[in-house]
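Observations on chain architecture
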Amino acid sequence: MKTFTNRDARTLEEAVRLAREALDGGQSVSFAGGGTDLLQLVKDRVANRPGQSVPDILVSLRDVENLSGIARAEGEVRVGGLTTVGTLAGDPLIGEEFTALAEAARSVATPQIRNAGTVAGNIMQRPWCWYYRNGFPCYKAGGSQCYSITGENGLHAILGGGPSFIVHPSDLATALTAFGAVFEAHGPSGERALAAPDFFVLPSTDPERENVLADDEVLAAVRIPRPPTGTRSAFHKVMDRNAWTHAVVSAAVVLELRDGICESARIVLGGVAPVPWRAEAAEALLEGERVTTELAGEAGAAAVLGAVPLSGNAYKVPLARTVVERTILGLQAPA
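Attention in this report is confined to the structure presented alongside it. (Residues numbered from 1 in each chain as written. Predicted model: local features only at pLDDT ≥ 70, side-chain atom pairs only at ≥ 80, totals over all residues. Heavy atoms only, no water.)

**A short note on empty space enclosed by the protein**
Scanning the entire structure with this criterion turns up two cavities of 30 Å³ or more. Along the walls of the largest cavity sit Cys 129, Tyr 131, Tyr 132, Cys 138, Tyr 139, Lys 140, Gln 145, Cys 146, Tyr 147, Ser 148, Ser 164 and Ile 166, which together make up its complete lining. Taken together, the residues that form the lining of the largest cavity break down as eight nonpolar, three polar and one charged. The space that makes up the second largest cavity amounts to roughly 30 Å³. Looking at the second largest cavity, the residues that line it are Val 79, Leu 88, Leu 101, Val 119, Leu 172, Leu 176, Val 222 and Ile 224. For the lining of the second largest cavity, the secondary structure elements donating two or more residues are α9 (171-178) and β8 (218-225). A class-by-class count of the residues in the lining of the second largest cavity yields eight nonpolar, no polar and no charged. (1 Å grid on protein atoms, 1.4 Å probe; cavity = no way out; pocket = protein on both sides within 12 Å on 5 of 7 lines; lining within 4 Å. Points joined across faces, edges and corners; volume = space filled by probe spheres on them. Nonpolar A, V, L, I, M, F, W, Y, C, P; charged D, E, K, R; others polar. Helix = DSSP H or I, 4+ residues; strand = E, 2+ residues; numbered from the N terminus.)

**Remarks on the pairing of strand β7 (residues 190-195)**
Where strand β6 (residues 182-187) and β7 come together, six bridges link them in antiparallel fashion. Bridge assignment links Val 182 to a residue of β7, and that residue is Ala 195. Between β6 and the antiparallel strand that follows it, β7, lie two residues. (Pairing = 2+ DSSP bridges.)

**Re the pattern of salt bridges**
As enumerated under the stated definition, the model contains 21 salt bridges in all. A salt bridge links Lys 140 to Glu 210, with the nearest nitrogen and oxygen atoms 2.9 Å apart. On the criterion of sequence distance, the pair formed by Lys 140 in the loop between α8 (130-133) and α9 and Glu 210 in the loop between α10 (196-199) and β8 is long-range, its members being 70 residues apart. Here Lys 140 matches Glu 210 in class, with each residue buried. A salt bridge links Arg 223 to Glu 191; the shortest N-O distance between them is 3.7 Å. Of the two residues, Arg 223 is situated in strand β8 and Glu 191 in strand β7; the sequence distance between them amounts to 32 residues. Exposure remark for Glu 191: the relative accessible area of 46% places this residue in the partly exposed category. If you follow the salt bridges from partner to partner, you end up with Glu 76, Arg 78, Glu 184, Glu 191 and Arg 223 in one network. (Salt bridge = Lys/Arg side-chain N within 4 Å of Asp/Glu carboxyl O. Buried < 20%, exposed > 50% of the residue type's maximum accessible area, 1.4 Å probe, protein only.)

**Overview of α9**
For α9, the tally of buried residues reaches eight of eight residues, placing the bulk of the element in the interior. Those residues of α9 that fall on the buried side of the exposure criterion are Asp 171, Leu 172, Ala 173, Thr 174, Ala 175, Leu 176, Thr 177 and Ala 178. Two to three positions downstream of the cap, the backbone nitrogen of Leu 172 sits 3.3 Å from a side-chain oxygen, assigning the N-cap of α9 to Ser 170. One or two steps after α9, the chain reaches Gly 180, where phi turns positive at roughly 70 degrees. (Polar contact = N/O pair within 3.5 Å; in protein donor to acceptor, adjacent residues only side chain to side chain.)

**A closer look at the state of the cysteines**
Within the structure shown, the criterion is met by zero disulfides. The closest cysteine sulfur to the non-disulfide-bonded Cys 129 is located on Cys 138, 6.0 Å from its own sulfur. When its relative accessible area of 11% is taken as the criterion, Cys 129 is described as buried. (Disulfide = S-S within 2.5 Å.)

**What to know about the sheet that holds β6**
The sheet built from five strands is open, its strands ordered β4-β5-β8-β6-β7 with antiparallel pairing. Edge strands, defined here as strands with exactly one partner in the open sheet, are β4 (70-72) and β7. Looking at each pair of strands side by side, their axes are set apart by 25 degrees on average, direction ignored. As paired strands, strand β5 (residues 76-80) and β8 are joined by five bridges and run antiparallel to one another. Within β8, the residue paired with Glu 76 across the bridge is Pro 225. (Axes fitted to C-alpha atoms, helices over the stretch in contact; angles between N-to-C directions.)

Written out as structure tokens, the structure is:
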């Protein structure tokens, strides 16, 4: 494993400064929180920051104040980036008001990983495409091709792909997008708040990146608007085994229901696209309507409109359609 130098930061400003100094000195740098994905990337000698080599400098965030915890406010909940996935999964308020997010957190890996891995780390983890993870010079590693197009592509994207066909690996990102979360980044110019459409990046915009954060920016927190009364949500994840794996297909569905009528809907798919994929056509079908079995089926079909499967992943189209349909019907059932 490549040797690296650790730098401990006490404040966000210090963390950003240490990263900037390393970059200005021609060194590659990574921020380290829980480190569950970062350590594996370093072991495999795979770059975890787009366009960089395996890091020379690790800036540890473990001692930075106010980066962990769940803070309640009147109109929103703020989740610190270093909050563990396990803490999020077990928080009573998250479970009650943001059920789909709690369910997504509980679906991540194993209890041991959830107790070490952080919210920011889960959102920021690099793709798990076997070509990228095994050192192929693909788009994600700064190369000029996506090997999945003609290679093994059973777990790759059916929506939003090209020129890279990775899928975004974060379960939390899927649920957070469904709740309209805002991602709070800190860098040399201070803080900036980014909604999901401005935070996540399709390969057609930048094939090396999955988000817009610069190499000297930290994902410090996520702010989630508290949902209106009458909101129900659920997260459903299909995996190829029961643990230690990512979504083949997942869906986070958030419905605001009044007397059986859907007043608003958010449907976001995971495991099918390079970013958390919002199914706006499916949402439009539901809004203002009474949710029926027939309508749920139509919404499921609308959720995969425009899907373009590769040679080995066409099965994801009916699977995603069914996951959306069943998740919607589960929320319409009496509580």
